Amino acid sequence: MFCVQCEQTIRTPEGNGCSYTQGMCGKLASTSDLQDLLIYMLQGVSAYAVKAREFGIVNPEVDTFVPKAFFATLTNVNFDDDRLAGYAQQAQAYRDELKAAYVAACEAAGQTPVVIANQGELNLAASQLEMLEQAPIALPNRGDVHEDILGLRLLCLYGLKGAAAYMEHARVLDQTDAEVAGDFHKIMAFIGEDSVDADQLFATAMEIGQLNYRIMAMLDAGETASFGHPEPTQVNTKSVKGKAILVSGHDMKDLELILQQTEGKDINVYTHGEMLPALAYPELKKYPHLVGNYGSAWQNQQQEFGTFPGAVVMTSNCIIDPNVGDYADRIYTRSIVGWPGVTHVEGDDFSQVVEKAQALEGFKYDEIPHMITIGFAHNALMAAAPTVVENVKNGSIKNFFLIGGCDGDKTERSYFTDLATSVPDDSIILTLGCGKYKFNKLEFGDINGVPRLLDIGQCNDAYSAIQLALALKDIFECDINELPLHLVLSWFEQKAIVVLLTLLSLGVKNIRTGPSAPGFLTENLAKILEDQFGLRTTTDVATDLNAMLNKG
Ligand code: SF4
Ligand code: SF3
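All values derive from a computational prediction rather than experimental measurement. (Residues numbered from 1 in each chain as written. Chains lettered and ligands numbered in written order. Predicted model: local features only at pLDDT ≥ 70, side-chain atom pairs only at ≥ 80, totals over all residues. Heavy atoms only, no water.)

On to the overall build of the protein, then. Regarding its fold elements, the protein presents 17 helices and 18 strands. Relative to its length of 552 residues, the protein is compact, with a C-alpha radius of gyration of 23 Å against a globular reference of 24 Å. With the C-alpha coordinates aligned to their principal axes, the bounding extent of the protein is approximately 70 × 60 × 50 Å. For the protein, the residues scored as buried account for 61% of the 552 residues in total. Counting only contacts in the protein whose residues sit at least 6 apart along the sequence, the fraction spanning at least 24 positions is 74%. For the protein, the centre of its 40 positive side-chain charges and the centre of its 71 negative side-chain charges are spaced 3 Å apart. (Helix = DSSP H or I, 4+ residues; strand = E, 2+ residues; numbered from the N terminus. Rg over C-alpha atoms; globule rule 2.2 N^0.38 Å. Buried < 20%, exposed > 50% of the residue type's maximum accessible area, 1.4 Å probe, protein only. Contact = heavy atoms within 4.5 Å. Lys, Arg positive; Asp, Glu negative; His and termini not counted. Charge placed at Lys NZ, Arg CZ, Asp CG, Glu CD.)

Encoded structure:
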């Protein structure tokens, strides 16, 4: 196995990456190898999807399948070898179908079809064991390439994974776009070609960022069309007496289905992790039995799910071993999420989850409520903009800090809590992603009625933060990088990588990321990104804060 895609990757002086029998996330070598083989097959599908499109042949089923199956290879999404092997076989079937359609179209047009080698022709073995023997050709560090080229390839591969995940989140909400899918296939196929051209790889990384901007706009449209625009909302973070279901991950459509199917059944529904922002959407908060948020970010799930006296549903990343917390029999996976032995809910029927919650004890008492405020996505931010601008003009607000991204369990991540509590009192803090749990239960007060902590939403709601920055830039008639806006992103997995690529592709400079640099970025690449974009890794709060306030 070789995997270096997340922040917790193994780092050694000889090189970074999980490459033994198991990754730090618990992913076994067999799972990792099957994921790589799956990606290899998906690249073959995309290569023929590009060719078929030359003849106007577009298969929406394929356009859905490729990003969805690619999503299964993100950190902490799918640990189930049987399902991964199944996706790889399905990819082969789709590839062969597209290839046949393309060849037939070429023949009809009197052209000679292009033969796509490697990913275009590999035939998978029938058994999983034999498939694993084929895996070495698909490893992401295959071949003998310069480490900087490998780093750039991985930046593209992991960035596109993040974009694929958001595409699938958008598709669930009926947002698809054949042009976006076509551009996605082009990049997916290109990555499979193992380019050694640094400029081309770098340009592709920027293209991925731009593609993801379009995808985040689609996802935003899907979420707001389905559930309305988030509005500032007080949310209880304590438990309420009664039977209970906890819904984690990013997929709000699943939450809606669960809310509909628990109506009138005396079951309280709670959000967890990245589902917290759902509580601010009118079409979700209207359900009185959606009672609040329980727990915090993904890395605490073994303890939090372990003590939750009800059923748990994991709708997307990030899942970790449920057997450690002893709740494998009452957690359910959805969509591309998988854990061997855990019940996977297909279709729209959550009755087994409801029955499980009814059979479990539930909370015996009401806890004393602790309220936090959420719901500052773009519409709410724009509504507050005139007051904010007035306060900027009269000097009451001097700086904006965007502190957000992924959470994780490294102790160095206290940096983000310390930074949020150290910024000057005349600063507004914007946050998003599960990284917000490092400080979202603290009290930050307000500036002339504007809350100092504005929770924008999930990691994909970086789209809303970008809209605010663009609006402020227009109001103050300056470049986006001249705004008193400082971005400090915590990263863990590939969605954060693609959000970063989006920001860079939009020309946003001087972003800080932490708590460490990605393991696949070599010193040379980090230097190039710093020279071109001012991108740098966090150091200590005092040094970074001083530099940011002096616009460094
Ligand atoms: Fe290692 Fe992260 Fe890959 Fe898991 S996802 S194997 S921890 S790099
Ligand atoms: Fe969190 Fe996994 Fe990334 Fe959506 S849920 S931000 S880590």
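Now that the structure has been shown, the text picks up again.
Before going further, it helps to examine the UniProt feature "binding site: [2Fe-2S] cluster" (unreviewed entry) in the protein. As recorded in UniProt, the feature "binding site: [2Fe-2S] cluster" (unreviewed entry) lies at Cys-3, Cys-6, Cys-18 and Cys-25. Considering the C-alpha atoms alone, the annotated residues occupy 23 residues of sequence yet fold into one spot, their largest mutual distance being 10.6 Å. With respect to the helices and strands, Cys-3 occurs in the segment before β1 (11-12). The contacts of Cys-3, once residues within four sequence positions are left out, are Thr-9, Gly-17, Cys-18, Lys-27, Ser-32 and Tyr-158. Examined against the element boundaries, Cys-18 turns out to sit in the loop between β2 (15-16) and α1 (29-53). Residue Cys-18 is classed as buried on the basis of its relative accessible area, which comes to 6%. (UniProt positions renumbered as here; feature names shortened; annotations may be inferred.)

Time to look at the site of ligand 2. Looking at ligand 2, the residues that line it are His-250, Glu-274, Trp-298, Asn-317, Cys-318, Gly-405, Cys-406, Cys-434, Cys-459 and Glu-493. Tallied by class, the residues present in the shell around ligand 2 amount to 5 nonpolar, 3 polar and 2 charged. (Near = heavy atom within 4 Å. Nonpolar A, V, L, I, M, F, W, Y, C, P; charged D, E, K, R; others polar.)

Turning our eyes to something else, we now look at the UniProt feature "binding site: hybrid [4Fe-2O-2S] cluster" (unreviewed entry) in the protein. Feature annotation in UniProt places "binding site: hybrid [4Fe-2O-2S] cluster" (unreviewed entry) on His-250, Glu-274, Cys-318, Cys-406, Cys-434, Cys-459, Glu-493 and Lys-495, given in this structure's numbering. These residues run over 246 residues, yet every pair of their C-alpha atoms falls within 14.0 Å of each other. You can see His-250 is positioned in the loop between β4 (243-248) and α8 (252-262). On the basis of relative accessibility, which here comes to 5%, the residue His-250 falls in the buried class. Residues within four places of His-250 in sequence aside, it is in contact with His-169, Glu-274, Met-275, Thr-315, Ser-316, Asn-317, Gln-458, Cys-459, Asn-460 and Lys-495. Within the structure, the side chain of His-250 is placed 3.2 Å from the side chain of Glu-274, a separation counted as a polar contact. Tracing the sequence through the fold places Lys-495 in helix α15 (residues 494-505). (Polar contact = N/O pair within 3.5 Å; in protein donor to acceptor, adjacent residues only side chain to side chain.)

Turning our eyes to something else, we now look at the site of ligand 1. Near ligand 1, the surroundings consist of 13 residues, among which Cys-3, Cys-6, Cys-18, Cys-25 and Thr-75 are the closest. For the shell around ligand 1, the per-class residue count stands at 7 nonpolar, 5 polar and 1 charged.

Along the chain, the position of Ser-505 falls in helix α15. Within the structure, the side chain of Ser-505 is placed 2.8 Å from the backbone oxygen of Thr-502, a separation counted as a polar contact. Those residues in contact with Ser-505 that lie beyond four places of it in its chain are Met-206, Gly-209 and Gln-210.

The subject of this paragraph is helix α12 (residues 378-393). With 16 residues, α12 ought to run about 22 Å at 1.5 Å a step, and its terminal C-alpha atoms sit 21 Å apart, in line with that. Where α12 bends most, the angle comes to about 45°, and this point is Ala-385, followed within four residues by the proline Pro-386. Those residues of α12 that sit buried are His-378, Ala-380, Leu-381, Ala-385, Val-388, Val-389, Asn-391 and Val-392. (Expected span 1.5 Å × (residues − 1). Bend = angle between axes of the 7 residues up to and from the residue.)

Pairing within the open sheet is parallel, and its 6 strands lie in the order β6-β5-β4-β7-β8-β9. With one partner strand each, in any of the chains shown, β6 (290-293) and β9 (343-345) form the two edges of the open sheet. If you compare each strand with its neighbour and ignore which way they point, the axes differ by 30° on average. Strands β4, β5 (267-271), β6, β7 (311-314) and β8 (331-334) of the sheet are contacted by α8, whose axis makes an angle of about 165° with β5. (Pairing = 2+ DSSP bridges. Axes fitted to C-alpha atoms, helices over the stretch in contact; angles between N-to-C directions.)

This brings us to the packing of aromatic side chains. To describe a pair of aromatic rings, you give the distance between the ring centres and the angle between the ring planes. The full count for this structure, using the stated rule, is 20 aromatic pairs. Measuring from ring centre to ring centre gives 6.4 Å for Phe-65 and Tyr-87, while their planes differ by 65°; the resulting arrangement is edge-to-face. Of this pair, Phe-65 sits in helix α2 (residues 60-71) while Tyr-87 is found in helix α3 (residues 81-108), placing the two residues 22 residues apart along the sequence. A relative accessible area of 10% means that Phe-65 is categorised as buried. Taking the relative accessible area as the measure of exposure, Tyr-87 reaches 15% and is therefore buried. Of the aromatic side chains, those joined through ring pairs into one cluster are Tyr-270, Tyr-294, Phe-308 and Phe-363. (Phe/Tyr/Trp six-rings, centres within 6.5 Å; stacked < 30°, edge-to-face > 60°.)

Remark: α2 packs on α3, axes separated minimally by 11 Å, with the N-to-C direction vectors making an angle of 145°. Relative to α3, the crossing made by α2 is left-handed. In contact with Glu-61, Val-62, Phe-65 and Ala-69 of α2, α3 contributes Tyr-87, Gln-90, Ala-91, Tyr-94 and Leu-98. Its residues assigned to classes, the contact of α2 with α3 shows 7 nonpolar, 1 polar and 1 charged. (Left-handed = near helix turned anticlockwise from the far one by under 90°.)

Glancing now at the pairing of strand β11 (residues 399-405). On any regular strand, side chains alternate: one points to one face of the sheet, the next to the other face. Taking burial as the measure, the 7 residues of β11 include 7 buried ones, the bulk of the element. Neither face of β11 is left uncovered, since the one carrying Asn-399, Phe-401, Ile-403 and Gly-405 and the one carrying Phe-400, Leu-402 and Gly-404 both have all their residues buried. Inspection of the sheet shows β11 paired to strand β12 (residues 427-432) by 4 bridges, in the parallel sense. When the sheet's bridge partners are listed, Phe-400 is paired in β12 with Ile-428.

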